[in-house]
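So you can see what is in the structure, the chains are spelled out below.
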Amino acid sequence: MTLTTHYSLWLAPLCVLLGVLCAWLLYRGTRERNGWSPALQWTMGALRALVIALLAFFLLEPMTRILLREVRKPMVVLAHDGSSSLVASADSTAIRNAYPAQLQALAKQLGDRYDVREFTYGSAVTDGLQFNQQEGQTDIDQLFRAVYDRFAGPDLGAVVIDGDGIYNRGRDPRLAAERLGVPVFPIMLGDTTVRPDLALRGVDHNRITYLGNEFPLLVKVKADHLKGRNTRVAVLHNGKEVAGKDLAINADPLLAEVPLMVKADAAGLQRYTVQLKAVEGEVTTANNTQDIFVDVLDERRKVLVLARSPHPDVAAIRLAMGALEGYTVETALAADFNKPVEQYDLVVLHQLPAPGVAVQPLLEKLEKKEIPTWLILGGQSDLRQAGAMGMGVAIEGARGGVTDAQAGLAPNFTLFTLDPEDVRVIERFPPLQVPFAQYALSRSATALLTQRIGPVRTDHPLFAFQAQAARRTAITCGEGLWRWRLADMQQNNTTAHFDKLVQKTVQLLALKQDKSRFRVHGEREFAQTDKVVLDAELYNASYEPVNGPEAAITFTDEDGRKLDYTFSRSGTGYHLDAGVLPPGRYTWAAAATLDKERLTAKGEFLVKPLVAEKMITVADHGLWANIAARTGGMAVAPGSMESIAEALKDRPELAARSYSHASFSDFIGLRWLFLPLLLLLTLEWALRRRSGSY
């Protein structure tokens, strides 16, 4: 132990001198005045000088430096596999009953010599040994990375890990095990015997499709020791087979991929059960079935192409949209059209309005209902009436006739992006026939293409959009789009560039905008182990966010059971954490009342079951043997766990380590020092009192 101060120790004599000086000033002449003996005077003066000197010395901030020595045991990490695949094997009874006591006995035995840290791993890493075997996924790599992040260093001596060697999440654990730099001792659990079994290894499928479409499934099948048998791969929906195929098991083992097509005939989150017909002699049928969920959308955008007269532009637009999933296109002549225009998400007007065609009532409905509109001008268009429609382009000075104008990309267009190759191709397309007039872009519109007359680029818009208003519109100031499609095929042997331009235009214009005042947001799918979390927003009549009223929501599962929740307020909105829910499809209905108006929202979500642990049940002891060989450890069977303790005992590097470090203690922070100072002052006061000074 050494003494040090914040200020120089050379000031300590001055502290003593200060104490002596104060005592001398206080007690000089007191012996003659009070009749004290010299011994009494010197005693009281010494007490006062000592107290003042000590107080002055404490102002120098003295500290003691103590060298502490600490002995640490080497650390051993003990990790248990908490996945459900362990109890799917033949020795599941032993793992549930006898094995937990054996592993805890090993932990106790190791605890006499080492600092044992216990963990359970599966889809996540948790502290302690848990033997409920409920984890739906196994990530061995995650465990090794967690051990490295928390304990990597000289204190980590070894890792003891058990399991069946099956991992279905994360990366290959071999590299993470080597990075630890310590031996890994695997305890090999599970059954490596390959028994006769037919297993559904997985189903590849689309997560989203549209009502009425057919979507593909790719069923992956494995069969062991069942050669010469037959099975059937079937897809069931509401208990009825909607697709199927017979499969002959002609190899051992058999690995097969069976493609199927299923038609989506109901909207919403639909459950489909993929099933393998059981074969006699199978060890288990638990892995013959898998449920998949497909979100079937009934949200097809309906597009109407309304023309003054038959024109190849109409066919070019319809063909370009043929590959755009989720959109349906109808074509009609203005003179024959009598359907309600409100049912369409986008209306394309080709050379309309036009003289002699009564479309004014339809134009008024388009504006009143705020239906997106794409206007294509031509030689038969009424330019005066078209300019009055508020499409973002002012048209003046129409004198009849047409002029040829090629396309040039306008700068600063940001509503959607075109690849440089698309731009190069579009600028080489033949010219459109533009009605002769003066065209000017309004402030609310943005030009995608401008008119290029020969080599001269102009500011006159050729293709412009108005996307910021309540009603999205586009205007093409010329006809002849069909020539663009033919030129694309002639020059590039594809129509993809033209089709992409039409498709992006339609997608931008037909995009549905959410104008509801109560909105609930959240994921459409949750894993079985995830918490179901939703957020909500409530808006007043001015579309300002508020969260004063209470917002409630009700979940309904597939069996009709209801779960009621209330949102909590968060910021300017609402938040709900419903916790972990059982697997299945849930519908929800939320409501809030604002200004005596009840606002509602509806939706659905899916809690996906974890089936990975059922797919593979044959233990992979080769993985453990490889990890042990790479790290210098030893792979053992459950009955030989005592050998791990013996192997660790024989390693000289796994010895206790001694560490020393300095510790500083501030004198002025020690409360007990107040007591001797108080005693010194009390003794001085008592002597003065006894001598009759007070």
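Up top you'll find the structure we're talking about.
Note that the structure is predicted; figures quoted are calculated from it, not measured.

Definitions and cut-offs
Residues numbered from 1 in each chain as written. Predicted model: local features only at pLDDT ≥ 70, side-chain atom pairs only at ≥ 80, totals over all residues. Heavy atoms only, no water. Helix = DSSP H or I, 4+ residues; strand = E, 2+ residues; numbered from the N terminus. Expected span 1.5 Å × (residues − 1). Buried < 20%, exposed > 50% of the residue type's maximum accessible area, 1.4 Å probe, protein only. Arc of directions from axis to C-beta. Contact = heavy atoms within 4.5 Å. Core = buried A, V, L, I, M, F, W, Y, C linked by side-chain atoms within 4.5 Å. Pairing = 2+ DSSP bridges. 1 Å grid on protein atoms, 1.4 Å probe; cavity = no way out; pocket = protein on both sides within 12 Å on 5 of 7 lines; lining within 4 Å. Points joined across faces, edges and corners; volume = space filled by probe spheres on them. Axes fitted to C-alpha atoms, helices over the stretch in contact; angles between N-to-C directions. Phe/Tyr/Trp six-rings, centres within 6.5 Å; stacked < 30°, edge-to-face > 60°. Lys NZ or Arg CZ within 6 Å of the ring centre and 35° of its normal. Polar contact = N/O pair within 3.5 Å; in protein donor to acceptor, adjacent residues only side chain to side chain. Patch = residues over 30% accessible without salt bridge, like charges linked within 9 Å, V, L, I, M, F, W, Y side chains within 5 Å. Areas by Shrake-Rupley, 256 points an atom, 1.4 Å probe, with all protein chains shown as cover. Salt bridge = Lys/Arg side-chain N within 4 Å of Asp/Glu carboxyl O. Parallel < 35°, antiparallel > 145°, perpendicular 65-115°, else oblique. Nonpolar A, V, L, I, M, F, W, Y, C, P; charged D, E, K, R; others polar.

S.K.: It is not clear to me how helix α17 (residues 674-690) should be interpreted in this structure. Could you clarify?
M.R.: At 3.6 residues per turn, the α-helix brings residues three or four places apart onto the same side. End to end, α17 covers 24 Å across 17 residues, agreeing with the expected 24 Å (1.5 Å per residue, within 8%). When we look at burial in α17, the residues that qualify are Leu677, Leu680, Glu684 and Arg688. One side of α17 holds all its buried residues, which, seen down the axis, span an arc of 70 degrees. α17 presents Phe674, Leu679 and Arg690 as exposed residues on the side facing more than 90 degrees away from its buried surface. Check the buried side of α17 and you find it contacts α1 (12-27) and α3 (38-58).

S.K.: What am I meant to see in the nonpolar core here?
M.R.: For soluble globular proteins, the rule of thumb is that nonpolar side chains tend to be buried together. Leu349 and Trp374 are the most contacted members of the largest nonpolar core, which totals 69 residues. In terms of residues, this core owes the most to one element, helix α13 (residues 496-509), which gives six residues.

S.K.: Can you help me understand the pairing of strand β32 (residues 562-566) in this one?
M.R.: Within a regular strand, side chains alternate between the sheet's two faces. Bridge count between strand β31 (residues 551-556) and β32: five bridges; the pairing is antiparallel. Looking at β32, one finds that isoleucine 553 is bridged to tyrosine 565. Between the antiparallel neighbours β31 and β32 lie five residues, among them glycine 560 with a positive phi of about 90 degrees.

S.K.: Looking at this structure, I do not really get empty space enclosed by the protein. What am I missing?
M.R.: Empty space among the atoms can be located by rolling a probe the size of a water molecule over them. Taken as a whole and assessed by the stated rule, the structure comprises one cavity of 30 Å³ or more. Of the voids in this model, the largest cavity is the one considered here, and its volume is about 30 Å³. Trp374, Phe463, Leu481, Trp484, Phe498, Leu501 and Val502 together form the lining of the largest cavity. Of all the secondary-structure elements, those providing two or more residues to the lining of the largest cavity are α12 (481-492) and α13.

S.K.: In this structure, what is going on with the sheet that holds strand β7 (residues 184-188)? I would like to understand it.
M.R.: Strand pairing in a sheet is mediated by backbone hydrogen bonds. Such pairs are either parallel or antiparallel. If you trace the five strands from one edge of the open sheet to the other, you get β5-β4-β3-β6-β7, paired in mixed fashion. Two strands lie at the open edges of the sheet, namely β5 (125-127) and β7, each paired on one side alone. On average, each strand axis in the sheet is tilted by 25 degrees relative to the strand beside it, whichever way the strands run. In the sheet, strand β4 (residues 115-121) pairs with β5 via three bridges, with the strands oriented antiparallel. Residue tyrosine 121 lies in a different strand from β5, and its bridge partner there is valine 125. Against the sheet, helix α15 (residues 621-631) makes contact with β4, β6 (156-163) and β7, and its axis sits at roughly 160 degrees relative to β7, the strand it touches most. Contacts between helix α16 (residues 642-649) and the sheet are confined to β3 (75-81), β6 and β7, with β7 contributing the most and set at about 170 degrees to the helix.

S.K.: How should I be thinking about the packing of aromatic side chains in this particular structure?
M.R.: Centre-to-centre distance and the angle between the planes together describe a pair of aromatic rings. In total, this model carries 15 aromatic pairs according to the counting rule given. A centroid spacing of 5.4 Å and a plane angle of 35 degrees characterise the contact between phenylalanine 429 and tryptophan 484, whose relative ring orientation is tilted. Taken together, the residues span a long stretch of sequence, with phenylalanine 429 in the loop between α11 (420-426) and β22 (432-435) and tryptophan 484 in helix α12 at a distance of 55 residues. For the pair phenylalanine 567 and tyrosine 574, a centre-to-centre distance of 6.3 Å together with 65 degrees between the ring planes defines the contact as edge-to-face. Neither phenylalanine 567 nor tyrosine 574 differs from the other in exposure class; each is buried. Across the ring face of tryptophan 24, the terminal group of arginine 28 is positioned such that the distance to the ring centre comes to 5.1 Å. One Lys or Arg, lysine 302, reaches over the ring of tyrosine 344 and ends 5.4 Å from the middle of that ring.

S.K.: Teacher, can you tell me more about the side chain of aspartate 295 here?
M.R.: In this fold, aspartate 295 is placed in strand β15 (residues 289-297). A polar contact of 2.5 Å, which involves the side chain of aspartate 295, links it to the side chain of arginine 524.

S.K.: Is there a simple way to think about a nonpolar patch on the surface in this case?
M.R.: A surface patch of nonpolar side chains, amounting to about 390 Å² of accessible area, comprises Tyr7, Leu11, Leu14 and Leu17. Inspection of the secondary structure assignment puts leucine 17 in helix α1. A relative accessible area of 55% places leucine 17 in the exposed class.

S.K.: I would appreciate a short explanation of the side chain of asparagine 213 in the present structure.
M.R.: Summarising the element assignment, asparagine 213 is placed in the loop between β9 (208-210) and β10 (214-224). Those residues within four positions of asparagine 213 in sequence are excluded, and the remaining contacts are Val262, Lys263, Ala264, Arg300 and Glu325.

S.K.: When you look at the environment of alanine 470 in this model, what are you seeing that I'm missing?
M.R.: If you trace the backbone, alanine 470 turns up in the loop between β25 (456-466) and β26 (473-476). The exposure class of alanine 470 is partly exposed, given its relative accessible area of 44%. Expressed as a C-alpha distance, the spacing of alanine 470 and lysine 227, which sit 243 residues apart in the sequence, is 65 Å. Once you skip the residues sitting within four places of it in the chain, alanine 470 turns out to touch Glu370, Gln513 and Lys515.

S.K.: Would you mind going over unusual backbone geometry with me for this structure?
M.R.: What is expected of a backbone is that most residues other than glycine have negative phi and most peptide bonds are trans. In this model, aspartate 252 is joined to proline 253 through a cis peptide bond whose omega is 0 degrees. Summarising the element assignment, proline 253 is placed in the loop between β12 (240-248) and β13 (254-263). In this structure, the amide linkage connecting leucine 352 to the following residue, proline 353, adopts the cis form with an omega of 0 degrees. Here proline 353 shows up in the loop between β18 (346-350) and α9 (360-368). Positive phi values are uncommon outside glycine, yet asparagine 238 reaches one of about 55 degrees. Position of asparagine 238 among the secondary structure elements: in the loop between β11 (230-237) and β12. With relative accessibility at 69%, the residue asparagine 238 sits in the exposed group. You will see that glutamine 351, though not glycine, has its phi angle at about 55 degrees, which is positive.

S.K.: Help me understand α15, please; the structure alone is not making it clear to me.
M.R.: Those residues of α15 not exposed but buried are His621, Leu623, Trp624, Ile627, Ala628 and Thr631. Taken end-on, α15 shows its buried residues confined to a sector of 155 degrees, consistent with a single buried face. Elements in contact with the buried residues of α15: β4, α6 (140-151), β6, α7 (174-179) and β7. Residue glycine 632 follows α15 closely and has a positive phi angle near 80 degrees.

S.K.: Sorry, what's going on with the packing of helix α8 (residues 312-320) against α12 here?
M.R.: Each packed pair of helices is defined by two parameters, the angle between the axes and the distance between the axes. Running from N to C, α8 and α12 point in directions that differ by 55 degrees, and their axes come no closer than 7 Å. Taken together, the axes of α8 and α12 are oblique relative to one another. Facing Pro312, Asp313, Ala316, Ile317, Leu319 and Ala320 of α8, the residues of α12 in contact are Leu481, Trp482 and Arg485. Partitioned by chemical class, the residues of the contact of α8 with α12 number seven nonpolar, no polar and two charged.

S.K.: Looking at this structure, how should I read the environment of alanine 251?
M.R.: Here alanine 251 is to be found in the loop between β12 and β13. Given a relative accessible area of 24%, alanine 251 falls into the partly exposed group. As for alanine 251 and lysine 227, which are separated by 24 residues in sequence, their C-alpha atoms are 5.5 Å apart.

S.K.: Can you help me understand the environment of alanine 79 in this one?
M.R.: Here alanine 79 lies in strand β3. A C-alpha to C-alpha distance of 54 Å links alanine 79 and leucine 508, two positions 429 residues apart in sequence.

S.K.: Mind showing me how you'd approach the sheet that holds β10 here?
M.R.: Taken together, three strands build an open sheet; the order of strands is β8-β10-β13 and the sheet is antiparallel. Each end of this open sheet is capped by a strand with a single partner; those strands are β8 (197-205) and β13. Looking at each pair of strands side by side, their axes are set apart by 25 degrees on average, direction ignored. Pairing geometry for β10 and β13, over 10 bridges, is antiparallel.

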